[in-house]
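Observations on the three-dimensional arrangement
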Amino acid sequence: MEELDQILDHLAERVCRYRVDDLVVTYCNRSWAVPFGRTAPELVGTPLHELLTADELSDLRAQVHRLEVGGHTLRQETPRLVDGALRWEQWVDKLLVREDGAREVLAVARDVTARVEARTRQRETEIGLRATLDAINAGVLVIDAGHGSVVYVNAVFAAMLGRDIAEIEGRDSLLFVAPEMRETVRARHEAIGRGEDLEPMVLEMPVDGRPRWMHFAERRIPFRGRDAVLVTARDVTAQTEREARAYALLDNLPSAVIARSDDDTVEYANRATAELLGFAEPDDLIGRSLDELVHPDDAGRTDAALAELRYVRADGTVRFVETRTIDLDIAGEVTALDVLRDVTTEREALAALAGSERQLASVFDAVRDGVIAVDPAGVVVTANRAAAELLGVNDVEMLVGTELAVVVGSIAADDAARRFAGTVHRRVLVDGESIPRDAVVLDVGADRRTFELGMAPITEFGVDRPVGAVATVRDVTRERELHEQLEASKRRFQLLAEDAPIGIATLDPDGSLGYANPAQLRLMGFDHLPSRAEAAAAVHPDDMDQVAQRWMRAVELQQQQFYEVRYIWPTGDVRNIEAFLVPLSDGEMLLTHVDVTVRRELEQKLAHQATHDPLTGLPNRALLMDRVEQALSAGRREGRWPTVLFCDLDRFKAVNDRYGHAAGDELLRRVSDGLTCAVREVDTVARLGGDEFVVLCSATPDVGDVDGVAERIIELMSTPFVLANGVRASIGVSVGIATANEQTNAASLLRRADLAVYDAKSSGRGRAVRFDPSRHEPDAPRTATR
């Protein structure tokens, strides 16, 4: 005991014993005595009420009471001032009963200030982190990677869902996802839990009974000592709805619009274009070259900014179309936007009415663009109805007699319109200069609209100054809006390609990759755009011929090609890919890839499970019957018939009943392995179920070969099997042998071998018996016991 006290006396922990009855110290070590300014021996026998304050003594008595009532060891953390600094101690109090029946309390204290302060800092850090996450604009959600419950959600995310934070935290995160999307979300969280990096996704979530579209990004993080999934969300419902409205507006514009690439391939056409050119659907125009649509005599004029071209309709008829072309440069890629206006009617009217002033006036009024003629002083002498309507005048006669510069200046809404009004007289009527069409903004009534306004002088031979001028005005407000929408649409198309989950690539005429989005590079196993040689090396050698054939067929026939190809990654992994090859103009190809590796593996697994026994892995009854039928078909052709060995284990049920199903299953697996070793390579071993196995022996000229197989099986099964738990299982096998002939089918052949098994069992088990037709009537009942 003295040696123990010496050890305790040198501990840094404070140790003390005191009696329960009178709270007198019976032992303390040096560390416990130091704060009182006395030695340990001096404190032994001292009542604690002389050393503690009234509050400390009250707490001590309450602690002793809890020990007496509960009888357990008590632990608590208490603060203490040491040299003016706050320190924390962890006290462990245990009730002891001495041999003489006296009860004492053993109290041990250790300094845990560092741990308490670390815990406090951790709480403060977490509080600060929550405050920071609550303050950011993005929605933040943390999900436990193990059971999928929400462990944290900030106010922004809660507001997105239309719920309070308390309604979300602690609940299953899938409850807040549309039911049809839950399996997708669960699979993503499992993949992230395995350390996979996933692309963000847009997910539909029900909020207050209405669908909302959220852009989600997830990543794996440690949170409060466990694995978690951090989800950041952004509400993109408004953007999605705006895009849908923009496409609806573009598709329903009354003006015909075509967007084409720099090689004159049509990339987009609206419904008005399809109606103008006589096609059933706008998609029928996609991918066509402009040379296919324009009359051959006008093919060289398609690049003009403004031209009147003859378009050949689907039925072969020709329409005269005014084409206004705008080149759009988006992210370095030039796309031509053509706004088409059918002027066939106008041309026919001009041709028919050329000889008559009245007819000319009718055509003048029929022109959709505004036309205004002025005298040398700039006063309007005539105008068509379109001009009056475009400039907000009710009648053409109200426009005649006014100065065009004054009319334009009175409704000018931008600097371009004001410059036109201020300089038109000098530039056109004095200097004889033509003012090309330029965009100006005019306030017409309550609307502010954009027009293209131009003017050209009228000259006569021998007269120095112009004798007048003709101005044309055209409302291009909708065209400008369409231009802006298409420009934004082009940017969206680029973003969609970059973020698309499927691989998208373009191939140059020589087969090299011209462009590949991130998904395409991942599917091929590259982190950079590969060269033609690198891309070819990534293709599985067995698939090279097929890929080459598909390429040649697409080039020669200009037909889309769908095929599967395997890529070998630098890591050695093989990915199964569905490829779709679409010919473009000038020999280019559009290639899309979809990864179907998981689907193919699942199909192979299901196919194997459908034809194999799940316990032993041997062919099951379905696969056996198929192979028997194949062997019978070969026998009918060659005159050599297969043989079936029906193997029924002896005494298996006793092993199963005595040692349990686990031992029985192990024994069946050992038997299947032994049968596989006992037969020839050309034979098939199958399990029908229970303890019944069948060996299909291919046709052989020597009957002794089959008998040899049967003897090896009987010998192997007669040897005791030592199982994993040390159990020695002694069984045997009875074998029924039946050989096919011209009258047998698969079912009757197995039936005959089954009947022969019962003959073997009836004659003493552990032997092989051939089927004897004289012993069995058709469908004779079984009489032997297994």
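Fair warning: this is a prediction, and the values are worked out from it, not measured in the lab. (Residues numbered from 1 in each chain as written. Predicted model: local features only at pLDDT ≥ 70, side-chain atom pairs only at ≥ 80, totals over all residues. Heavy atoms only, no water.)

**Concerning helix 16 (residues 404–411)**
Helical periodicity: at 3.6 residues per turn, an α-helix aligns residues three or four positions apart in one direction. For the record, the criterion: Accessible area is worked out with a 1.4 Å probe on protein chains only. A residue is then buried under 20% of its type maximum, exposed over 50%, and partly exposed in between. Helix and strand assignments follow DSSP, with helices taken as H or I runs no shorter than four residues and strands as E runs no shorter than two, numbered in order from the N terminus. Taking the helix axis as origin, the arc is that swept by the directions to the C-beta atoms.
Of all the positions in helix 16, only Leu404, Ala405, Val407, Val408 and Ile411 are classed as buried. Angularly, the buried residues of helix 16 cover 165° about the axis, an arc narrow enough to put them on a single face. Across helix 16 from its buried face, at more than 90 degrees, point the exposed residues Val406 and Ser410.

**Some details on the sheet that holds strand 9 (residues 210–223)**
Put simply, the test is: Any two strands between which DSSP finds at least two bridges are classified as paired. Helix axes use the C-alpha atoms of the stretch in contact, all axes being lines fitted to C-alpha atoms, and the angles between their N-to-C directions lie in the range 0 to 180 degrees. Here, two residues are considered to be in contact whenever any of their heavy atoms come within 4.5 Å of each other.
On the basis of which strands lie adjacent, the open sheet formed by five strands has the order 7-6-10-9-8 and antiparallel pairing. The sheet terminates laterally at strand 7 (150–153) and strand 8 (201–207), the two strands that pair on one side only. Across the sheet, the mean angle separating the axes of adjacent strands is 35° when strand polarity is ignored. Here seven bridges tie strand 8 to strand 9, and the two strands are oriented antiparallel to one another. Across the sheet, the residue bridging to Val207 is Arg210, located in strand 9. Running over the sheet, helix 8 (residues 182–193) touches strand 6 (139–144), strand 8, strand 9 and strand 10 (226–235) and is turned about 20° from strand 9.

**Remarks on unusual backbone geometry**
Phi at Gln558 takes a positive value of approximately 50°, unusual for a residue other than glycine. The residue Gln558 is located in the loop between helix 21 (544–557) and strand 23 (561–568) in this model. Given the relative accessible area of 47%, Gln558 is considered partly exposed. Phi at Arg651 is positive, roughly 65°, even though this residue is not glycine. Inspection of the secondary structure assignment puts Arg651 in the loop between strand 26 (643–650) and helix 24 (652–659).

**Details of the packing of helix 23 (residues 621–638) against helix 27 (residues 746–762)**
Test applied: Should an angle lie under 35 degrees it is considered roughly parallel, over 145 roughly antiparallel, and from 65 to 115 roughly perpendicular; all remaining angles are considered oblique. As a working rule, the residues Ala, Val, Leu, Ile, Met, Phe, Trp, Tyr, Cys and Pro are called nonpolar, Asp, Glu, Lys and Arg charged, and the rest polar, with Gly in that last group.
Orientation of helix 23 relative to helix 27, taken along the N-to-C sense of each, is 105°, at an axis distance of 9 Å. On the basis of the axis angle, helix 23 is roughly perpendicular to helix 27. Contacts between helix 23 and helix 27 involve Arg621, Leu624, Met625, Val628, Glu629 and Leu632 from the first element and Ala746, Ala747, Leu749 and Leu750 from the second. Of the residues belonging to the contact of helix 23 with helix 27, the class tally is eight nonpolar, no polar and two charged.

**Observations concerning the pattern of salt bridges**
Rule in force here: What makes a salt bridge here is a side-chain nitrogen of Lys or Arg within 4 Å of a carboxyl oxygen of Asp or Glu, nothing more.
Counted according to the given criterion, the structure contains 45 salt bridges. Between Arg313 and Asp315 there is a salt bridge, with the nearest N and O atoms lying 3.8 Å from each other. Between Asp613 and Arg687 there is a salt bridge whose closest N-O contact spans 3.1 Å. Pair noted here: Asp613 is in the loop between helix 22 (597–611) and helix 23 and Arg687 is in strand 27 (residues 684–689), with a separation of 74 residues, a long-range link. Judged by its relative accessible area of 11%, Asp613 falls in the buried class. For Arg687, a relative accessible area of 11% puts it in the buried group.

**Observations concerning the side chain of His189**
As for its position among the elements, His189 is in helix 8. Taking relative accessible area as the criterion, His189 reaches 14% and is therefore assigned buried. If we skip the residues at most four places from it in the chain, His189 touches Ile143, Ser173, Glu218, Val229 and Val231.

**Section: the sheet that holds strand 28 (residues 692–697)**
Strand order in the open sheet formed by five strands is 27-28-26-31-32, and the pairing between neighbours is mixed. On the outer flanks of this sheet lie strand 27 and strand 32 (768–770), each paired with one strand and no other. The sheet shows a mean angle of 20° between the axes of neighbouring strands, taken without regard to direction. One ladder, built from six bridges, connects strand 26 with strand 28; its direction is antiparallel. Bridging from a neighbouring strand, Thr643 pairs with Cys697 of strand 28. On top of the sheet, helix 25 (residues 661–678) reaches strand 26, strand 27 and strand 28; it is set at about 15° to strand 28, its chief contact.

**Things to note about the nonpolar core**
Short version of the rule: In these notes, a set of buried Ala, Val, Leu, Ile, Met, Phe, Trp, Tyr and Cys residues joined through side-chain atoms within 4.5 Å is what counts as a nonpolar core.
Among the nonpolar cores identified, the biggest contains 34 residues, and Ile372, Val374, Leu399, Leu404, Leu442 and Met455 are the most heavily contacted of them. Per element, the largest residue contribution to this core is seven residues, and it comes from helix 17 (residues 415–430). With near-sequence residues (within four places) excluded, Leu404 lies in contact with Ile372, Val374, Gly378, Val380, Met455 and Ala471. Val655, Cys697, Ile714 and Ile731 belong to the second largest nonpolar core, which has 31 residues in total.

**Observations regarding the environment of Ile168**
Structurally, Ile168 is set in helix 7 (residues 165–168). On a C-alpha basis, the gap between Ile168 and Phe157 in space is 9.7 Å, while along the polypeptide they are 11 residues apart. When sequence neighbours within four positions are dropped, the list of residues in contact with Ile168 reads Leu141, Val150, Val153, Ala158, Leu161, Arg163 and Phe176.

**Regarding the pairing of strand 26**
Judged by how many residues are buried, strand 26 sits mostly within the fold: eight of eight residues are covered. What you see with strand 26 is no split at all: Thr643, Leu645, Cys647 and Leu649 on one side and Val644, Phe646, Asp648 and Asp650 on the other are buried throughout. Across eight bridges, strand 26 lies against strand 31 (residues 732–739) in antiparallel orientation. Looking across to strand 31, one finds that Asp650 is bridged to Gly732.

**What to know about helix 24**
Taken residue by residue, helix 24 has Phe652, Val655 and Asn656 as its buried positions. The buried side chains of helix 24 occupy one side of the element, clustering within an arc of 95° when seen end-on. Looking at helix 24, the residues exposed on the side facing more than 90 degrees away from the buried face are Lys653, Asp657 and Arg658. Elements in contact with the buried residues of helix 24: strand 26, helix 25 and strand 30 (728–729). Looking one or two places after helix 24, you find Gly660, whose phi comes out positive at around 95°.

**What to know about the packing of helix 16 against helix 17**
Basically, it comes down to this: In this scheme, a crossing is called left-handed if the near helix is turned counterclockwise away from the far one by less than a right angle; it is called right-handed if the turn is clockwise.
At a closest axis distance of 8 Å, the pairing of helix 16 and helix 17 adopts a crossing angle of 160°. Taken together, the axes of helix 16 and helix 17 are roughly antiparallel relative to one another. As for how helix 16 packs across helix 17, the hand of that crossing is left-handed. The residues of helix 17 that touch helix 16, namely those facing Ala405, Val408 and Gly409, are Ala417, Phe420, Ala421 and Val424.

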